[in-house]
Amino acid sequence: MEKVKSEDRLLESIIAGAQKVINGKDELNKINVFPVADGDTGSNLASLMQTIIDNLSNNNYSTNLLFEEVASAALIGARGNSGIIFAQYLNAVSDYYSVYETNLEILVLAFNRAVKSAYDSLIEPKEGTILSVMKRWAEVLLITFKESTSFEKALLEAKGEAWKALKETQFQMSILKKNKLVDSGAKGFYYFISGFTDAYCGEKVSKIQEGLIPSIKELNKEDIKEHFISEAPKNRYCSEFIIKEPLKQEKDLKESLRKWGDSLVIAGNKKQIKIHIHTNHPENILALLEKTGTIIYQKVDDMQLQYEISQNRKSSIAIVTDSVADLSADFILENQIFVLPLNVSVGEQAFLDKLTINSQIFSEKYNKNLKMTTSQPSIQSVDSLFSFLEGKYEHIIVISVSSKLSGTYQLLNQRITAKKSLENRVHLIDSKLNSVAQGLLVKQVAKLISEERSIESVLSETEKITDRIFIYVAVEDLSPMINSGRIPKILGETAQKLSMHPIISLDKRGNGKLIGASFSQNKSMDKILKKINLLSKEGQIEELALTHVLSEESALKINELLKEKTTKNCEIIDSSAAIGISAGIGSLAIAGLLKEVK
């Protein structure tokens, strides 16, 4: 049986594959039209690959340990649909290759068997995507290896077949056929196995320069003390960041960060450092750190909420939602709501929605015309939260943004399925809503739980409440919706030429829908107010909520009009950056809960 040439060769091949994906980032962004034409698949896959590279070292890895390190890094760096599928695949490879072997048979089998895990990570897996190329590559790799017992021959044969599978993707989905493009995620996977194959099969691969890739172990993890909550924290958030190639020395960073919190620890070397700090303003920490180097990792935990849970858990049923749900920080803490932050990308920098980016920072970035995109929460953040909750609650209700608008529901479903210990305890609900409407649903569920109802009663009532919630959005500028792919480009550009301002709502399935338009945002809002006024006169309004994207003055005026017409005083909430990216600055939205029909 053929031996691994050397563990270094395998390490170099993985890095070569990752680098080839990074080099192809711009091309992959340009051909990204599925599932949404938001042009960020290349950026998402590059982020994943860069995280893998940054978390590998020059250590003499066994094959087993090498793939464990790759899998661990993939969980941290995964962003977007293709990135998460890829991360799931790499983790499954590591799981199957659980015992170190000196031959390659187990590794080839792992590459093949992990494909099923990638497919299982999706509710509705589609051919013509990264999955198709992944499957063909792994199948041919296994078949050729069994016939020849040569890993190199198998790699070369599988690479050729993967290229054919990639070319076929442009005929497997109508949107790709229409645009005469191959799937962006599929091409990203091909780039990885292509770079891997070329490096492994090359006659001569130069040895990685000593010190080129810093060891994550050099961050001296012992210096990052575990924080056990025994008393109320002085600062609300435990924040951690990893910076690659920092421009400031450790001493200078400490001086800069000292005023923003306590429990500050900085560990690492010239290549990579890790910052740990307890702070009330993680957004200010990131704003400072992004000027000192490339931030490759960030994590923010709500210590105040964790403390409240440990001291006075209000119910045996937990509520989890995502940051698209517009809720006030006070409500979240008072009702012990757990919020998973979406990932927000601005230019080359990533942020955690509502944690490391706020309205002021969003405004500053927006005015610089930087490319902005969003993606679902990271696998690591989801797994970490469920791990925290499962020992503290009997049931966990998870309320996600509409599955028609985001991959968040799909990701949550996959992670719940993967964690067998959560079976029958986690109840995932597709809100079919977003923004302040999703927030209204969360508030109603919190109210049901406070009434000490059974889990069956809460779930039954939640389904009914979802159907009674509506939202109307008046946008000021159509460009963000066009750029994010939420409105067809031709339709959007036509509306812009006509100076039309659409009124957007959601249908019963959670899809965005156009329900009207005016020649100004003010006139669009007048139409929305007339709709709500009519519902109020008919006695149908139970509760209203209002949100805005950096348009507080307009929101206050609308609230006064609503009080005058309906006698309802709206809660006014700043929209998340995730909503701001898709709806644009100046957008206004009113959500309402209709009274139950007896």
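None of the values given here were measured: they were computed from a predicted structure.

Participant: For this particular structure, what's the right way to read the sheet that holds strand β15 (residues 541-548)?
Facilitator: Strand pairs in the sheet, formed through backbone hydrogen bonds, run parallel or antiparallel to each other. Strand order in this open sheet of six strands is β14-β13-β12-β17-β15-β16, and the pairing throughout is mixed. Of all the strands in the sheet, just β14 (512-518) and β16 (571-574) have a single pairing partner and so form its edges. Strand-to-strand, the axes of this sheet are offset by a mean angle of 25°, without reference to chain direction. Here helix α18 (residues 435-450) sits on the sheet in contact with β12 (469-474), β15, β16 and β17 (588-594), set at roughly 135° to β15. Sitting on the sheet, helix α22 (residues 521-537) touches β12, β13 (501-506), β14, β15 and β17, and the angle it makes with β12 is about 160°.

Participant: Explain the packing of helix α3 (residues 41-54) against helix α5 (residues 80-96) here, please?
Facilitator: Two numbers describe a pair of packed helices, the interaxial angle and the distance between the axes. Viewed as axis vectors pointing N to C, α3 and α5 meet at an angle of 35°, and their least axial separation amounts to 7 Å. The segment α3 lies against α5, with T41, N44, L45, L48, M49 and I52 engaging G80, S82, G83, F86, A87 and L90. Per-class residue counts for the contact of α3 with α5 are seven nonpolar, five polar and no charged.

Participant: Even after reading the chapter, I still don't get a positive patch on the surface, so can you show me in this structure?
Facilitator: On the surface, K508, K513, K527, K530 and K531 cluster together into a patch of positive charge. No other element matches the three residues that α22 contributes to the positive patch. Looking at the element boundaries, K527 is found in helix α22.

Participant: Before we go on, may I ask you to explain the pattern of salt bridges in this structure?
Facilitator: It is possible for side chains bearing opposite charge to pair when their charged atoms get close. Summed over all chains, the structure comprises 23 salt bridges. Across the pair K365 and E290 runs a salt bridge, and its minimum N-O distance is 3.0 Å. In this pair, K365 is assigned in helix α15 (residues 359-366) and E290 in the loop between α12 (282-289) and β4 (294-302), connecting sequence segments 75 residues apart. Among the residues examined, K365 registers a relative accessible area of 13% and is labelled buried. Take E290: its relative accessible area is 24%, and that puts it in the partly exposed class.

Participant: How should I be thinking about the pairing of β14 in this particular structure?
Facilitator: Looking along a regular strand, one sees side chains alternate from face to face of the sheet. Pairing between β13 and β14: six bridges, direction antiparallel. Opposite L506, over in β14, you have G512 as the bridge partner. Counted along the chain from β13 to the antiparallel partner β14, the turn is five residues long, and its residue G510 has a positive phi close to 95°.

Participant: Please explain empty space enclosed by the protein as it appears in this structure.
Facilitator: The probe, sized like a water molecule, is rolled over the atoms to show the empty space still left. In total, this model carries two cavities of 30 Å³ or more according to the counting rule given. For the largest cavity, the calculated volume is near 100 Å³. If you go around the largest cavity, the residues you meet are I14, F67, V70, F86, Y89, L90, F111, W137, F189, F192, I193 and F196. Among the residues making up the lining of the largest cavity, the classes are represented as twelve nonpolar, no polar and no charged. Lining the second largest cavity we find N81, I84, I85, S121, L122, Q376, G407, Q410, L411 and Q414. Within the residue set of the lining of the second largest cavity, elements represented by two or more residues are α5 and α17 (408-418). Residues of the lining of the second largest cavity, tallied by class, amount to four nonpolar, six polar and no charged.

Participant: What is the right way to read the packing of aromatic side chains from this model?
Facilitator: The geometry of two aromatic rings is summed up by the distance between their centres and the angle between their planes. This model, assessed by the stated rule, comprises 14 aromatic pairs. Taking 5.2 Å as the distance between ring centres and 65° as the angle between the ring planes, the aromatic pair formed by F111 and W137 counts as edge-to-face. Pair noted here: F111 is in helix α6 (residues 105-120) and W137 is in helix α7 (residues 130-148), with a separation of 26 residues, a long-range link. As far as burial versus exposure is concerned, F111 and W137 are alike and both buried. Taken together, the ring pairs connect F67, F86, Y89, F111, W137, F151, F189, F192, F196 and Y200 into an aromatic cluster. Over the face of the ring belonging to F388 we find K392, whose NZ or CZ atom lies 4.1 Å from the ring centre. Taking the ring centre of F331 as reference, the NZ or CZ of K443 above it sits at 5.8 Å.

Participant: Before we go on, may I ask you to explain the nonpolar core in this structure?
Facilitator: Generally speaking, soluble globular proteins have nonpolar side chains that are buried together. Within the largest apolar cluster, 93 residues are counted, with the highest numbers of intra-cluster contacts made by I52, Y89, W137, F151 and F338. Counting residues per element, this core draws most heavily on α7, at ten residues. Apart from residues lying up to four places away in sequence, Y89 is in contact with F111, A114, V115, A118, M134, W137, A138 and F189. I429, L448, L478 and A589 belong to the second largest nonpolar core, which has 36 residues in total.

Participant: Teacher, can you tell me more about the packing of α7 against helix α10 (residues 184-201) here?
Facilitator: In contact at an axis separation of 7 Å, α7 and α10 are set at 35° when each is read in the N-to-C sense. On α10, the residues touching I130, V133, M134 and W137 of α7 are G185, A186, F189 and I193. Grouping the constituent residues of the contact of α7 with α10 by class yields seven nonpolar, one polar and no charged.

Participant: Help me out: how do you make sense of the sheet that holds strand β10 (residues 395-400) in this one?
Facilitator: Across the sheet, four strands lie side by side as β6-β5-β10-β11; this open sheet has parallel pairing. Of all strands in the sheet, those with a lone pairing partner are β6 (337-340) and β11 (426-430), marking the two edges. Averaged over all pairs of adjacent strands, the angle between their axes in this sheet comes to 20°, without regard to strand direction. With four bridges connecting them, strand β5 (residues 317-322) and β6 associate as parallel partners. Within β6, the position partnered with V320 by the bridge is F338. Across the sheet, α17 is in contact with β5, β6, β10 and β11; its angle to β11 comes to roughly 165°. On the sheet, α18 packs against β5, β6 and β10 and is oriented at approximately 175° with respect to β5.

Participant: How should I be thinking about α15 in this particular structure?
Facilitator: In an α-helix, one turn spans 3.6 residues; hence positions three or four apart end up facing the same way. Among all positions of α15, only I361, F362 and K365 are buried. The buried residues of α15 occupy an angular sector of 100° when projected down its axis, which confines them to one face. Buried residues along α15 sit in contact with α12, β7 (343-346), β8 (349-352), β9 (372-375) and α24 (577-583). Measuring from the backbone nitrogen of Q360 back to the side-chain oxygen at the start of α15 gives 3.3 Å, which picks out N358 as the cap.

Participant: Teacher, can you tell me more about the side chain of K187 here?
Facilitator: Here K187 lies in helix α10. K187 gets classed as buried once you look at its relative accessible area, which sits at 14%.

Participant: What is the right way to look at the confidence of the model for the chain in this model?
Facilitator: Low-pLDDT portions of the prediction should not be read for the details of their coordinates. The predicted model of the chain has a mean per-residue pLDDT of 85, with 89% of residues at 70 or higher. By mean pLDDT, the top-scoring element of the chain is β5 (98), and the lowest-scoring one is helix α20 (residues 479-483) (68). Every residue in residues 1-5 scores below 50 in pLDDT, and together they form 19 contacts with partners more than four places removed in sequence or on other chains. pLDDT under 50 marks residues 203-229. Its contacts with residues more than four places away, or in other chains, come to 57 contacts.

Cut-offs applied
Residues numbered from 1 in each chain as written. Predicted model: local features only at pLDDT ≥ 70, side-chain atom pairs only at ≥ 80, totals over all residues. Heavy atoms only, no water. Pairing = 2+ DSSP bridges. Helix = DSSP H or I, 4+ residues; strand = E, 2+ residues; numbered from the N terminus. Axes fitted to C-alpha atoms, helices over the stretch in contact; angles between N-to-C directions. Contact = heavy atoms within 4.5 Å. Nonpolar A, V, L, I, M, F, W, Y, C, P; charged D, E, K, R; others polar. Patch = residues over 30% accessible without salt bridge, like charges linked within 9 Å, V, L, I, M, F, W, Y side chains within 5 Å. Areas by Shrake-Rupley, 256 points an atom, 1.4 Å probe, with all protein chains shown as cover. Salt bridge = Lys/Arg side-chain N within 4 Å of Asp/Glu carboxyl O. Lys, Arg positive; Asp, Glu negative; His and termini not counted. Charge placed at Lys NZ, Arg CZ, Asp CG, Glu CD. Buried < 20%, exposed > 50% of the residue type's maximum accessible area, 1.4 Å probe, protein only. 1 Å grid on protein atoms, 1.4 Å probe; cavity = no way out; pocket = protein on both sides within 12 Å on 5 of 7 lines; lining within 4 Å. Points joined across faces, edges and corners; volume = space filled by probe spheres on them. Phe/Tyr/Trp six-rings, centres within 6.5 Å; stacked < 30°, edge-to-face > 60°. Lys NZ or Arg CZ within 6 Å of the ring centre and 35° of its normal. Core = buried A, V, L, I, M, F, W, Y, C linked by side-chain atoms within 4.5 Å. Arc of directions from axis to C-beta. Polar contact = N/O pair within 3.5 Å; in protein donor to acceptor, adjacent residues only side chain to side chain. pLDDT = per-residue confidence, 0-100.

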